[in-house]
Structures are given as C-alpha cells and as structure tokens.
Amino acid sequence: MIKAVIIDDEPLAREVVKEYLLNFPQIQIMQECNDGFEGLKAIQQHQPDIVFLDIQMPKITGFEMLELVENMPAVIFTTAFEEHAIRAFEVHAIDYLLKPFSSDRFDKAVQKWLDHFHTPSANTEALLETAASTPLQSNRVVIKLNGKIKIIPVQDIHYIEAADDYVKIVTAEGSFLKNKTMSFFEKMLDPQQFTRVHRSYILNVNQVTRIDPYEKENHLAILRSGARVLVSKTGYPRLKAALGL
Amino acid sequence: MQSITDSSVHVILLGAAGIVISHNVAYYRPADGKMKFGYVAVVSFALSVLWVCLSRWILVSAFPSELQYINWLNNAIPIHAFVGWMLIASIGFRSQMWYDAADQQESLQRKEATEKIVREAELFKLRQQLQPHFLFNSLNSINALIMLRPKEAREMVLKLSDFLRGSLKREDEQWITLTEELKYLQLYLDIEKVRFGHRLTTNVTQEEGLENVMMPPMLLQPVVENAIKFGLYDTTGDIAISIRSWWQDNMLYIAIQNPFDNELQQPNKGTGFGLSSIQRRLYLLFARQDLLETAANQNIFTTIIKVPQAHDKSSHN
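Just so it is clear, the structure is predicted and the values come from calculations on it, not from any experiment.

Next up on the list: the interface of chain B and chain A. It is common to give the size of an interface as the accessible area that goes away when the parts come together. Across the contact, 26 residues belong to chain B and 24 residues belong to chain A. Of the roughly 2,200 Å² buried between chain B and chain A, counting both surfaces, carbon and sulfur atoms make up 57%. Of all residues in chain B, His 133, Asn 140 and Tyr 233 of chain B give up the largest surface area on contact with chain A, accounting jointly for 26% of the area buried on that side. Glu 10 of chain A is the salt-bridge partner of Arg 195 of chain B, the closest N and O atoms lying 2.5 Å from each other. Connecting chain B to chain A are four residue pairs in polar contact (both at pLDDT 80 or more). Of all the secondary-structure elements, those providing two or more residues to the side of chain B that touches chain A are helix H4 (132-148), helix H6 (178-196) and helix H7 (221-234) of chain B. Here the side of chain B that touches chain A gets twelve residues from one element, more than from any other, and that element is H4 of chain B.

Now for the pattern of salt bridges. Per the counting criterion, the structure on display carries 21 salt bridges over all chains. A salt bridge links Glu 15 of chain A to Lys 18 of chain A, with the shortest nitrogen-to-oxygen separation between them at 3.5 Å. Note that Glu 15 of chain A and Lys 18 of chain A are positioned in helix H1 (residues 11-20) at a spacing of three residues, about one turn of the helix. Residue classification places Glu 15 of chain A among the partly exposed positions, given a relative accessible area of 23%. Note that Arg 195 of chain B is salt-bridged to Glu 192 of chain B, the shortest N-O span being 2.8 Å. Residue Arg 195 of chain B and its partner Glu 192 of chain B are located together in helix H6, separated by three residues, close to a single helical turn. Each of the two residues, Arg 195 of chain B as well as Glu 192 of chain B, counts as buried.

This next bit is on the packing of aromatic side chains. Applying the stated criterion to the full structure yields 20 aromatic pairs over all chains. With a centroid separation of 4.9 Å and an interplanar angle of 10°, the aromatic rings of Phe 163 of chain B and Tyr 184 of chain B are classed as stacked. In this pair, Phe 163 of chain B is assigned in helix H5 (residues 150-169) and Tyr 184 of chain B in helix H6, connecting sequence segments 21 residues apart. Phe 163 of chain B gets classed as buried once you look at its relative accessible area, which sits at 0%. Owing to a relative accessible area of 3%, Tyr 184 of chain B belongs among the buried residues under this scheme. Through successive ring pairs, a cluster of aromatic residues spans Tyr 20, Phe 52, Phe 101 and Phe 106 of chain A.

Cut-offs used in this document
- Residues numbered from 1 in each chain as written.
- Chains lettered and ligands numbered in written order.
- Predicted model: local features only at pLDDT ≥ 70, side-chain atom pairs only at ≥ 80, totals over all residues.
- Heavy atoms only, no water.
- Contact = heavy atoms within 4.5 Å.
- Buried area = accessible area lost by both parts, 1.4 Å probe.
- Salt bridge = Lys/Arg side-chain N within 4 Å of Asp/Glu carboxyl O.
- Polar contact = N/O pair within 3.5 Å; in protein donor to acceptor, adjacent residues only side chain to side chain.
- Helix = DSSP H or I, 4+ residues; strand = E, 2+ residues; numbered from the N terminus.
- Buried < 20%, exposed > 50% of the residue type's maximum accessible area, 1.4 Å probe, protein only.
- Phe/Tyr/Trp six-rings, centres within 6.5 Å; stacked < 30°, edge-to-face > 60°.

Structure representation (structure tokens):
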C-alpha cells in the first residue's frame, strides 16, 4: 500500500485530487489537511510516501511547511500560480500540476513517480532553496518550536550562527534552531541586510553599533543587544561594504 | 508723380520685406540665447539693405533723367536704410514673439494631452487587476463541482461569468452606482465562498437612500481582494469580511473590515496591505491624498474609502 496526504486550503481542490486518485487503488489517502500546520502533523504521523501539496496556503506556504518536515516524502505540487512563477522549480525534477488540471495530466504525474518510486526525493532540498529566495517568502523564516510553528520576520533576526547540523537564529526573543545550512540562509536573505561576516556567522547589519579590533586580524561586531559577533579577516571588508564604510 | 512713385515703391517693397521676415521667423527661430535677437537683427539689416538697393534701382530705372531726384535719393540712403532696418526688425521681433507664444501654447496643449493619456492608461491599469490566481482557482473549484454537485457547478459558472462580464463592462464606464458596485462585489465574495467553504462569511450593508450615489468602478475590488487575502492567508480559522457604506460630510464612506494576524503583518507602517495603488487612484481621480484611511485594532483591519461627489458626474473622469 502506498500512503498519500493531500494538503490544500480549498476543500473542492482536495476533492479533485481525491477523485483522480480513484484511478490508483494502490494509493491510500491517509489524511486531508487544510493548511501547513495540519499538513506537518499529518506527515509526521503517517509518514506518507507521497504528498499532494498546494503552495499558497494560510500562515505558511507549502514550501515553508516542507522546510520543517523531517522525513521528506515525494511531493507533487498542485497550484494555480502562473507558469512563469513556478518554472524555476522545474529543474528540480519534482512534478507540479497547474490548476485546473486534467485527469490525464494527473495520472501522468503520479505514474512518473510510481515508476521511480524508490528514488529518494533528493532534489527537494535544492527546490526549497530556490523557493526560499522567491518574493513569496523571502521576508520571513519559519521554525519549529516545541511542536509549534513560529514565523520570524527577517528584520527581527540579529544574527545567525552555525551549530553543527543546525543553524541558530538569534532574535530579541531568544535563539531558535533550524535544520538548514549557512549557505541556505546566505542565499535566502537579502545581502544588503545580512552579511556573512565569518564562516560561522551571518549578521544583520542594521543591528551593528560598533566594530572593535580583536586579536590578530579579526574584529568583533557589537550589536545593539550587547551581543558580540566574531568578524573574520575576509568578512570584515564585506561588513564594511554593507555598512557603506 | 515722382513722389507718388517713390513712396509706393518704398512702401510696397518695405511691406514685402516685412512679409519675408515674418515668414522667415515662422519657419526658423533660433533657440533662446544670445542669437535669439541677433538673428532677427542680422536678417532685418540684410533685408533693409536689399530694400534700399532694390527701391533705388527701380526708381533710377523709372526716372533716369531726373538728376536732382536721384541726387536726393542717394543722400537719403542712410536714413532710408536706418528707418527700414528699424521697421523690418520690429516686424521681425513682433512675429518672433507671436510665433513663440503660439508655440508655447501648442506645447502646453500637447503636454496636457500627453498627461491625460498617461493618466488614463494608469487608471486603466489600476482598475484592471483581475488576478489570474483567482480565476484559475475558481475554475478548479468548478472542475470539482462538476463531479460532486453539478447544480452548484452550474451556479458557479454563471456567477463567474457575471463577474467577468462585469469587469469587462467596467472598463468603459467612468462612474457607476454604489448599488451596482456592491452587487458586483457580492458576486466576487460568493465565488470566494464556494472556494473556501465554511471558513468565509460576508456581510455587505448599505445605508438607505444611497442607492443612486455614484462612485468610480473597481475601486473597492482590490481592497476586498486584499481583505480576503490577508483574512484567509494570514489566519487559519473562520473569517468574516464586512463592507459597510454610509453618507457623511457630503461624501460616500465605505468601510471594509477583515481579520488579520498582527504578528505577521505590520499594517501601521505606511498604508500597508498593498493599498498604495488605491491611494494613487484616488489621487488621480480627485487630487486628494486624504481619501484612504486604514486602522488596525486588535486583529481587525479596517480600510475606509471616501468618495467625494462631483457636481457633474457624467463628465467626471
């Protein structure tokens, strides 16, 4: 048996997927979800093999939800976005269906996935990186905190610190961990506002109040909060450029 | 006989010189600067020399034996030349001024016409922001209903058609009644209700006596779209959208309310919620910046639009 989850905020849109799935009796729908929050829970609970996912949904987008998923299922996007908006994702070989779509088109997408059932969806990470830098979501970061989802507007971030397999996002409210790489954030965040000042630090330049020399060729950026962030030899000119010095 | 011939030759030729300089500046006027007056001075000087020479040649040919007259004519050359130059130059300057003024008027008219076209194009663009996202999602709902509840599918097709027809019709119309606009918005809201099911409730009310109050079409549409967008996409619960209209200070007031998430949005910054295009449109229509008001209270966002009533509605654009 193949397990599926449908996530879409429009009940009728879910009905279409449900109806089209009747052609695939081996696929069983475990749950239908109204938004990304429900979706995330359902994915954790049912560990589906495939997810039919809308992109524009309440609170968090389909992409943002995927960022928080631990065991990534295969994903087929269903969206009414104009084609050009989604073409960027084509390169990642994940299928997407433009609403309204036909039963034939749906069958083709599902059949294609069934034929490659055992290949893991390794490209999803790359897809999420692409998605994160679209205007749809580049102004905020979603994180999971004690089983809840928290949305952090990027301007609230003081700095980001590498922490093994995670990154630590430091804000006035405290720091939060996210299972992403430094380069993910470097790509996603506006370089005018966020500068990679060190191998382990990305800094919100608006938070900097002072820069002091530190040890041999390094510097320390002092933030408004009083926090001190290490600036490397290569990071220093970048920070100066971002501050317009 | 001599004096008549003398004066007619001089006057006719002087007139001709005046016409020549006037035409000349009609077709060519140097740009503002030092040469502006120099050009007319030089041309009129050349014309006055030509005038003196030509009149002298004609008169000498006409009266070859009248030595006394010819002598007098020769003596008068400097005076003739000076007076002629002054007259031709003054005609030249007058013409130059006249044509410059005409030019200026024309360019002003052209500028106004251009501005009007730009403004109309801008208004057209602002009016016409039908979202393809909305259209495709609605079609997708119909696709589902055809199988599930064909009767509702048909209803939805009809509503969508009415809505689309309404938005096409609105492109030609300058002003419509409030009742018409609200009916149109109701269609839009009904379609959204089908899409979002039980999550969305709407409440559209209108003060009595406002049936024939006029307003620009498609002014409320983007505001309601915004209300839906922020209501439906910022919150996960049920949302209620209300549209109220009333008469106050000789203006039509329309208030649109929607819930929003005050953690996700900071509506107090600027006009917020992408309402700048409404602001722009109201400014283009009424040349006033104070016709759009927004307020955020707890998690309810209110947009108020005021529509002044022009005396002559049909000629208002």
